[in-house]
Structures are given as C-alpha cells and as structure tokens.
Amino acid sequence: MESTDSHVHHEDGHGHHDPGFWRKYVFSTDHKMIGIQYGLTSLLFMLLGFFLIALMRWSIAYPGQPVPVVGYLLHAIMGDMASPVLDPQTRELIGYAISNDLYNSFGAMHGTIMVFLAVVPLAFAAFGNYVVPLQIGAPDMAFPRLNMASYHLFLLGGLIMFASFFIPGGPAQAGWTSYSPLATSIPTDGQFYWLVAMVVIITSSLLGAVNFIATIIQLRAPGMTWMRMPFFCWAQFVTAFLLLLAFPPLEVGALLQLMDNVAGTSFYLPTGLAISTLSDVSGGGSPLLYQHLFWFLGHPEVYVLILPAMGVVSEIIANNTRKPLWGYKSLVYSVLVLGFLSFIVWAHHMYLTGMGTKISTFFQTTTMIISIPSVIILTCLFISLWGGRIRFNTPMLFALAFLPMFGIGGLTGLPLGFNYSDILLHDTYYVIGHFHYVVAPGTIFALIAGIYFWYPKMTGRYMSEFWGRVHFWCSFVFMNLTFQPMFAQGMAGMLRRMADGGVGYSIANNPDAIGGLADRYLQLNVNITLAAYALGISQIPFIINLFYSIKNGKKVESDNPWESTTLDWQTPTPPPHGNFVGPIKVVNGPYEYSVPGAKADYIPQNQKA
C-alpha cells in the first residue's frame, strides 16, 4: 500500500510535466488510460467478431453463392479456403463462396474473439479499470505497472489470434471450445496460434484479477466499509475471484493440448484413435479431461460476462429512478452466492458424454439452484423501478432493455439444465439463441449503457441523445429479430455448425430425409441474416457518436452531470492523475437518493446530509 501511495505522490509531483505521447498513451500506468485502452481495443475486436458472423450468416442464408463485395478479398487472404464459384453456362469465375473449412474457422474465431477479446475485456477490464478505483476513493490500482502489463499481454494475445488469419491453412477450425481430439487432428497451424494466444490472454486476465482483488481490499477510502461499496464494485470483486480461480484450469488445459499438438504427448488422445485410419499416437489420454478443464472455466465465464453488466445496470437504475436500489444487501449476498455456485454447475454442458444419472442429477440440481440468486438480482432491479421518478435517457433505455432480455436468456436456459430436455436441444440453434440472449441483448446492452453513462466523466462531453435513441431502438428491434427465431429453429432440430444452414439434409432437397427441416425453418435463415445485417448497420450511429462527441458533444455543466451519489462523480472532469483533489472520507451509503428532509434529492457519499 505504501509503494502505491508513494508512486501516486511521486507522479503527482510531476503533474505539470507532460509525460509525452508514449508514456501517456502507450506505456501509461494510470488506471483511467488503461481502462480506455481496454475499451477501444475490445470494441475493435467486437467489430471483427461481427464481421466474421456477417460472413457466416451469408453462407447459412445463401449457401454456395459468391460473397458480395469482399469475396475476392477473402480469396486474397484465405487462399484456397474460399471456394471459387463458376457461372453454370460460361464456366467463368464469378466470385468466391465460403467453404465448409472456412466456415468452421470463422465460427471458431467468432466465438473466441467475442468472448475472450471483446465482451470480457470490455465488461471487466475496461469498466473495472476506469470506474472501480474512482468508486472506492482510491488514487489508482494497487499495482499500476502490473495493470499496464495486463493490457499489453491482452493486446499481444489478440494480435497473435488475429495473425492466424494470414497463415497457410487459416486459423483454428475446432470451434471456440477447441475440443480434443478434433483440435489435435486438424493438420494446420491455426490451432497452435489459438493455444498460444489463449495462454497469453489468460495470463493477462490473471494479472488483472489479482490487481482488482488487492485494490478493492486495500485501497478503499476511509469510511468506505464493505456495505458502503457501490454494487458495481461488488460485482467486479466477485468477477475477479471467478477469473482468478477458473482461468488456471483452462490455461493448464491449453498447455496440455499444445503438448499434444507439438510434442507428441497424449493427454487427450485415446488409444486406438481413428481419424480416417488408426492414428499413430501413444494413447492413454482422455478427451473428456479437456472438456472438464474447459467447462470448469466455461461456466464461471458466463458470470464473468454478466456480473459486471448487472453492476453497470444497477448504478444506472439507481441514478435514473432517483431512489436507492431495493434490497442492496440481498443483491450483495446474491452475487456472492452466484460466484460460489458457478463453480459447481460446469458439467451441465456435458450431459451427452455418457454421464451417469447420479452425477447428472447433482449438476441438474445445482443448475436449478444457481438460477435463484440470478432471479433475486433481477427482481431487486425490477422493484427498484417501482415508485421512482424515472429519467428515460439513453443509458436508462439500454439498462431497462437489459432486464427483460437477460430474463429471456435465463429462462430459456432452464430446459438446458435438465438432462432429459438438454439431450434433445443440445448443439441446436436453441442453445445459440439462449446464449446470445444472455450475452448480446443482455450483457452488451448493459455495457453500451455504461459507455453512454460514464462518457461525460471520461470526456467532459455528452454523447448525442437523439442518435443514442436511434441507436437504442434500432438495436433493440433487430437484436430480437436476429435471435428470437433461433429458438424455433432449434426446437425443430436445426443443428449448429452447419455451413449451409441445414439445407444439405433437409426435406427441401431430399424428400426421403428423416428429421429434415421444413421450408419455413430454412426461410428463417434468410430472415435472421437480414436482421443481423440491419443490426450491424444500427451500430454506425453509435460509432460516429462515440468519436464525434469527443470534440463536438455538448459540454457538461458540472463535474456531476447525472447528480449521482457515488465517488466517481465527486472528482474533476475528466479526473486528473491521482483522481481526487483532496482527501476523501466516506460518510454515507452508496445510494442516498430522495432522502426525506434533505436539501437536494441526492447526497454524495463523501458529504454529510
């Protein structure tokens, strides 16, 4: 703690000295700059992830047809993985379509990039870095240089992942889960790049997690007791523990798979493995071991996505209803229980592995129990709206939309928690619909709400309210048009990872097929694809608004434009190095809104009533 304080005072002493471009923007140890670096980098990766799914959706909706606009570029980058399409009459080349291998590559990279390089860094690292030290009254993170190293490792891992698009054979093709023995048997280097990148990204997350835990425990301002912490800080605190405890098994799992790939070991390769012919491996390994290691991270990872989002939404709802969060202690205890239970539900992803009934009953039970704290959190947020003087600004619209969208995501997950219904729904589009309702209109809506909400503190200017509303309504409509039909497709039996959208085995082309898809479910592929493209176009106002408003947005009238109670709004705008002008002492709870007899309808945490 001493070293951190001395670091901050030392830096403050040189506050008049401009550190220069490199120290300020590239090798910065200031938590606010690192938060912005994480935010912009993860938004760029999100754009790349969307570009990949846009190409995949084209293949699903219009199988075998040349990709417009970027088809020749795909061939230039990916080589023979892009299939040439010839005119049936003239036999001349008219473009390039997405081959099955290319579809698999894009599928693996879309999932990996969106989860590990876009949503998690934005939710945990970007918002956590910028907001948590401000909200607890700290001058910086506990380990500023470790914080810088964490971002640089994240960027390096992302660049390694991105570089795999440009190698012969293309990137990883074994899905974002990278199951063995498939991941070891594909004869390209893409999987090697994927594994190396994952090890680097996981190391970055572990450094960040240790830093957050140390900061929240050690650097809270005087008077900032545990039960005076804003709920956002609680959510980030539990998330840091999830990363710290759940990521090492996957890092070990990735290293063991790397050994199987390059050193001839057989951690995951069984004896008598057949890949077209019997594979020449030493054998004795277990493919199920990899699944256990992956999903031991994979389920807590869902809560790594959703908990920061819940924290963001709670701050915005409390501020825009002008009343305290209902059931603050229930929220805190629920998030702690959620963190603990997330470690004992992982095998509900593995019901199809021949699991015994006793074990599957255990995981069914824990899966049903873990839905209870989620429902308590959602209920507290809904009840917080009751009787509030609600301000319907852009952050609040996205925060309100989060509630039913996450509700749909959660409720549709319940059938997947029972082994008898999961056996029918597993690996269908129902699962894709469920997961994306949690992550896309759920988590991402909350994170966009956070960007609109904290933007005035970061830049001193508001984002355009009009274009914010355009962005919200277009996103809300097209998000639902994109993901809602997937439930119907999944219940009709449409499987995921099909480059042609299920046409190949369906009734439309093969009247004798059993279990083929009817025409109306295949037609939904086109509808979903058009809605997804419209959803992408809907983000253009947001992107322009984000950058245009830095210089041209309406200026804030005060350091606390939303009239908020938490400490992040009691700093100059934007906050200087060291954050606060003078010493901070906390005397109130986090949400002292509309207190009877008070002069204003809010009392900041560091001011007596």
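For the structure, see preceding data.
What this report covers is the structure whose coordinates are included nearby. (Residues numbered from 1 in each chain as written. Predicted model: local features only at pLDDT ≥ 70, side-chain atom pairs only at ≥ 80, totals over all residues. Heavy atoms only, no water.)

## What about the overall build of the protein?
Note the cut-off: Helix numbering and strand numbering both begin at the N terminus, where a helix is a DSSP run of H or I of at least 4 residues and a strand a DSSP run of E of at least 2. We compute the radius of gyration over the C-alpha atoms and compare it with the globule rule, which gives 2.2 Å times the number of residues raised to the power 0.38. Note on contacts: a residue pair is in contact if any heavy atoms of the two residues lie within 4.5 Å.
Within the protein, the regular secondary structure consists of 18 helices and four strands. For the protein, the C-alpha radius of gyration of 25 Å lies close to 25 Å, the compact-globule estimate for 609 residues. Principal-axis analysis of the C-alpha atoms gives the protein an extent of 75 × 55 × 50 Å. A sequence separation of at least 24 residues applies to 77% of the contacts in the protein between residues at least 6 apart.

## Considering the packing of aromatic side chains
Defined as follows: Aromatic contacts are taken between Phe, Tyr and Trp rings whose centres are within 6.5 Å, Trp giving its six-membered ring; a plane angle under 30 degrees counts as stacked, one over 60 as edge-to-face, and the others as tilted. Relative accessibility thresholds used throughout: buried, under 20% of the residue-type maximum; exposed, over 50%; partly exposed, between the two (1.4 Å probe, protein chains only). In this scheme, the term charge over a ring applies when either NZ of a lysine or CZ of an arginine sits within 6 Å of the ring centre and within 35 degrees of the ring normal.
Taken as a whole, this structure holds 51 aromatic pairs when the rule is applied. Ring geometry for Tyr72 against Tyr96: centres 5.5 Å apart, planes inclined by 85°, an arrangement best described as edge-to-face. Taken together, the residues Tyr72 in helix α4 (residues 71-78) and Tyr96 in strand β2 (residues 93-98) connect sequence positions 24 residues apart. Classification of Tyr72 as partly exposed rests on a relative accessible area of 47%. With a relative accessible area of 10%, Tyr96 lands in the buried category. Through a chain of ring-to-ring contacts, the aromatic side chains of Phe116, Trp176, Tyr179, Phe247, Tyr268, Tyr290, Phe294 and Trp295 assemble into a single cluster. When the ring centre of Trp226 is taken as reference, the NZ or CZ atom of Arg220 above it lies at 4.1 Å.

## Brief notes about the packing of helix α8 (residues 190-218) against helix α9 (residues 231-262)
Filter applied, for reference: Axis definition: a line fit to C-alpha positions, over the contact stretch in the case of helices; interaxial angles, taken between N-to-C directions, run 0 to 180 degrees. Here roughly perpendicular refers to angles of 65 to 115 degrees, roughly parallel to angles under 35, roughly antiparallel to angles over 145, and oblique to all remaining angles. Crossing handedness is read from the near helix: turned anticlockwise from the far helix by less than a right angle, it gives a left-handed crossing, and turned clockwise, a right-handed one. Throughout, the ten residues Ala, Val, Leu, Ile, Met, Phe, Trp, Tyr, Cys and Pro are labelled nonpolar, Asp, Glu, Lys and Arg are labelled charged, and all others, Gly among them, are labelled polar.
The geometry of α8 relative to α9 is characterised by a closest axis approach of 8 Å and an angle of 155° between their N-to-C directions. Comparing their axes, α9 and α8 come out roughly antiparallel. The two elements α8 and α9 meet at a crossing, and its hand is left-handed. Of the residues that constitute the contact of α8 with α9, the class distribution is 26 nonpolar, five polar and one charged.

## Thoughts on the pattern of salt bridges
Short version of the rule: Here, a salt bridge means any side-chain nitrogen of Lys or Arg that lies within 4 Å of a carboxyl oxygen of Asp or Glu.
In the structure shown here, the tally under the stated rule is eight salt bridges. Notably, a salt bridge pairs Arg389 with Asp601, separated by 3.0 Å at the nearest N-O pair. Residue Arg389 is found in the loop between α12 (357-384) and α13 (394-417), and its partner Asp601 is found in the segment after α18 (540-552); the two are separated by 212 residues along the sequence. Of the charged contacts, one joins Asp427 and Arg496 as a salt bridge, the two residues approaching to 3.8 Å between their closest N and O atoms. With Asp427 in the loop between α14 (419-425) and α15 (429-459) and Arg496 in the loop between α16 (465-491) and α17 (519-538), this residue pair connects regions lying 69 residues apart in the sequence.

## Side note on the environment of Val238
By the element assignment, Val238 lies in helix α9. For Val238, a relative accessible area of 6% corresponds to the buried category. Distance from Val238 to Leu336, taken between C-alpha atoms, is 6.6 Å for residues 98 residues apart in sequence. Setting aside its immediate chain neighbours within four residues, Val238 contacts Leu307, Val335, Leu336 and Gly339.

## Details of the pairing of β2
Regular strands have side chains that alternate between both faces of the sheet. Heads up, the rule is: Strand pairing follows a simple DSSP-based rule, namely that at least 2 bridges must link the two strands.
Note: strand β1 (residues 82-86) against β2, five bridges, orientation antiparallel. Within the sheet, the bridge partner assigned to Pro84 lies in β2 and is Tyr96. Remark: six residues form the turn of the hairpin made by β1 and β2, two consecutive strands paired antiparallel; Arg91 in that turn has positive phi of roughly 60°.

## Points about the packing of α15 against α18
Remark: α15 packs on α18, axes separated minimally by 12 Å, with the N-to-C direction vectors making an angle of 15°. As summarised for this structure, α15 and α18 are arranged roughly parallel, according to the angle between their axes. Handedness of the crossing formed by α15 with α18: left-handed. On α18, the residues that touch Ile448, Ile451, Tyr452 and Tyr455 of α15 are Phe542, Asn545, Leu546, Ser549 and Ile550. Of the residues belonging to the contact of α15 with α18, the class tally is seven nonpolar, two polar and no charged.

## Focus: unusual backbone geometry
Note the cis peptide between Ser180 and Pro181, where omega equals 0°. Among the structural elements, Pro181 can be located in the loop between α6 (144-163) and α7 (182-185). One non-glycine residue, Val69, lies in the positive phi region at around 70°. Inspection of the secondary structure assignment puts Val69 in the loop between α3 (31-61) and α4. Backbone geometry places Glu563, a non-glycine residue, at a positive phi of 55°. Counting through the fold element by element, Glu563 comes out in the segment after α18. Exposure remark for Glu563: the relative accessible area of 35% places this residue in the partly exposed category.

## Observations regarding the side chain of Thr184
Rules: By the criterion applied in these results, polar contacts are pairs of N or O atoms within 3.5 Å in which, for protein atoms, one can donate a hydrogen and the other can accept it, and in which residues neighboring in sequence qualify only through two side-chain atoms.
Inspection of the secondary structure assignment puts Thr184 in helix α7. A distance of 3.2 Å separates polar atoms of two side chains, one belonging to Thr184 and the other to Asn261. The residues contacting Thr184, other than those within four sequence positions of it, are Gln257, Asp260, Asn261 and Leu269.

## Here we look at a nonpolar patch on the surface
In plain terms, the rule: Patches draw on residues past 30% relative accessible area with no salt bridge. Two like charges within 9 Å are joined, as are two nonpolar side chains (Val, Leu, Ile, Met, Phe, Trp, Tyr) within 5 Å. Using the Shrake-Rupley algorithm and a 1.4 Å probe, accessible areas are obtained, with residue cover drawn only from the displayed protein chains.
Residues Leu40, Leu44, Leu47, Ile543, Phe547 and Ile550 make up a contiguous nonpolar surface patch of about 560 Å² in total accessible area. Going through the elements one at a time, α3 and α18 are the ones with two or more residues in the nonpolar patch.

## What about the environment of Val439?
Locating Val439 in the fold gives a position in helix α15. Taking relative accessible area as the criterion, Val439 reaches 10% and is therefore assigned buried. Along the chain, Val439 and Asn552 lie 113 residues apart, while their C-alpha atoms are 32 Å from each other. Once residues lying within four places of it in the same chain are set aside, the contact partners of Val439 are Val119, Leu305 and Ile444.

## Overview of the side chain of Ser506
Within the secondary structure layout, Ser506 lies in the loop between α16 and α17. Here Gly502 takes part through its backbone oxygen, which lies 2.4 Å from a polar atom of the side chain of Ser506. Non-local contacts of Ser506, meaning those with residues more than four positions away in its chain, are made with Gly516, Leu517 and Leu522.

## Digging into the nonpolar core
In a soluble, globular protein the nonpolar side chains are often hidden away together inside. Worth spelling out the cut-off: By convention a nonpolar core is built from buried Ala, Val, Leu, Ile, Met, Phe, Trp, Tyr and Cys residues, the set being connected through side-chain atoms within 4.5 Å.
Counting 183 residues, the largest nonpolar core has Phe231, Leu250, Leu307 and Phe402 as the members making the most contacts within it. The greatest single-element share of this core, amounting to 23 residues, is contributed by helix α5 (residues 100-136).

## Brief notes about α13
Residues spaced three or four apart along an α-helix face the same direction, because each turn holds 3.6 residues. Quick note on the threshold: One less than the residue count of a helix, multiplied by 1.5 Å, gives the span that helix is expected to have. Working definition for bend: take the seven residues up to and ending at a residue and the seven starting at it, fit an axis to each, and measure the angle between the axes.
Here α13 is 24 residues long and its end C-alpha atoms lie 35 Å apart, about the 34 Å a rise of 1.5 Å per residue gives. The sharpest bend along α13 measures roughly 25° and falls at Phe402, with the proline Pro404 sitting one to four residues further on. Judged by how many residues are buried, α13 sits mostly within the fold: 18 of 24 residues are covered.

## Re the environment of Gly39
Turning to its location among the elements, Gly39 is positioned in helix α3. For Gly39, a relative accessible area of 10% puts it in the buried group. Sequence separation between Gly39 and Ile451 is 412 residues, and the spatial gap between their C-alpha atoms is 9.3 Å. Ignoring sequence-local partners within four residues, the contact set of Gly39 consists of Leu122 and Ala126.

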